[in-house]
Amino acid sequence: MSDLLALSEAVEKGNRKEAVRLTQVLLDVGTKPQVIIDEALVVGMSNIGEKFKNNQVFVPEVLIAARAMKETMAILEPLLVKAGIKPKYTAVIGTVQGDLHDIGKNLVAMMWRGANFGVVDLGTNVSPDKFVAAARDNRAHVVGLSALLTTTMPSMKTTVDALRGAGLKNVKVIIGGAPVTAEFAKEIGADAYGPDAATAVDIVRQLVGAV
């Protein structure tokens, strides 16, 4: 088994110590950080994402895998920055104004990072103006809006309207959360609806043409 394959399996299984060890081994033999990301980390997170979609694993397993990926990225990111390498696509994500729930949002953010998107996480209770500013300042390709409360769903429409009104027409908007539906996404002018974190990865790849 190659070290890249072993690393992808370590990430998938959430074996943080082994993932960190193998990352260092690969760097020591001259493997480029971007190769490690593309051929090991992204593969591992894609595998766990597929299993999640098929109900073979559940949220705890995905979170453990994401933490393993995060620890390896802590080693790789400084090297990427030093080499001037950035993710090709950037996504801004946050829970809309009035809502403080973040478990689903955090999971999506981790899955997007695992798919090699640059992610700007604005946290919870994010105003439309903050979404607009972050999308503009970071030249975002995608904005993800999350809500768990039915009472905060109108904030999604307000935010979509703000993004469109700010002239950010090329920024794709995906929404998600327990009370949200594909019909609601269409109704408020969002580009897509993500029913779960793994599917949200596939959707944003399609939205930016990265498939």
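Please refer to the structure placed before this passage.
Treat the numbers as computed from the prediction; the structure is a model and nothing was measured.

**Concerning the packing of helix H4 (residues 59–82) against helix H5 (residues 103–114)**
Right, so step 1: Interaxial distance between H4 and H5 falls to 10 Å at its minimum, and their mutual angle equals 50 degrees. Relative to H5, the element H4 lies oblique. Considering how the two elements wind past one another, H4 and H5 form a crossing that is left-handed. Contacts between H4 and H5 involve Val59, Val62, Leu63, Ala66 and Met69 from the first element and Leu107, Met110, Met111, Arg113 and Gly114 from the second.
Right, so step 2: Tallied by class, residues from the contact of H4 with H5 come to 8 nonpolar, 1 polar and 1 charged.

**What about unusual backbone geometry?**
Glycine aside, a negative phi is what most residues show, and trans is what most peptide bonds show.
Right, so step 1: Of note in this structure, asparagine 55 is not a glycine but carries a positive phi near 60 degrees.
Right, so step 2: Within the fold, asparagine 55 resides in the loop between helix H3 (33–53) and H4.
Right, so step 3: Its identity as a non-glycine residue notwithstanding, asparagine 116 has a phi of 70 degrees, on the positive side.
Right, so step 4: Tracing the backbone through its elements, the reader meets asparagine 116 in the loop between H5 and strand S2 (118–121).

**As for the pattern of salt bridges**
Right, so step 1: A full pass over the atoms with the stated rule returns 8 salt bridges.
Right, so step 2: Here arginine 21 and glutamate 18 are joined by a salt bridge, their closest N and O atoms 2.9 Å apart. Placement of both arginine 21 and glutamate 18 in helix H2 (residues 16–28) is noted, with a separation of 3 residues, approximately one turn of the helix.
Right, so step 3: Notably, a salt bridge pairs lysine 53 with glutamate 50, separated by 2.9 Å at the nearest N-O pair.

**With respect to the packing of helix H1 (residues 3–13) against H4**
Helix packing geometry: the angle between the two helix axes and the distance between the axes.
Right, so step 1: Look at H1 against H4: their axes get within 6 Å of each other, and the N-to-C directions meet at 130 degrees. Here H4 runs oblique to H1, going by the angle between their axes. Residues Leu7, Ala10, Val11, Glu12 and Lys13 of H1 lie in contact with H4, whose contacting residues are Ile64, Ala65, Ala68, Met69 and Thr72.
Right, so step 2: The residue makeup of the contact of H1 with H4, split by class, is 7 nonpolar, 1 polar and 2 charged.

Cut-offs applied
Residues numbered from 1 in each chain as written. Predicted model: local features only at pLDDT ≥ 70, side-chain atom pairs only at ≥ 80, totals over all residues. Heavy atoms only, no water. Axes fitted to C-alpha atoms, helices over the stretch in contact; angles between N-to-C directions. Helix = DSSP H or I, 4+ residues; strand = E, 2+ residues; numbered from the N terminus. Parallel < 35°, antiparallel > 145°, perpendicular 65-115°, else oblique. Left-handed = near helix turned anticlockwise from the far one by under 90°. Contact = heavy atoms within 4.5 Å. Nonpolar A, V, L, I, M, F, W, Y, C, P; charged D, E, K, R; others polar. Salt bridge = Lys/Arg side-chain N within 4 Å of Asp/Glu carboxyl O.

These values are about where atoms sit, not about what they do.
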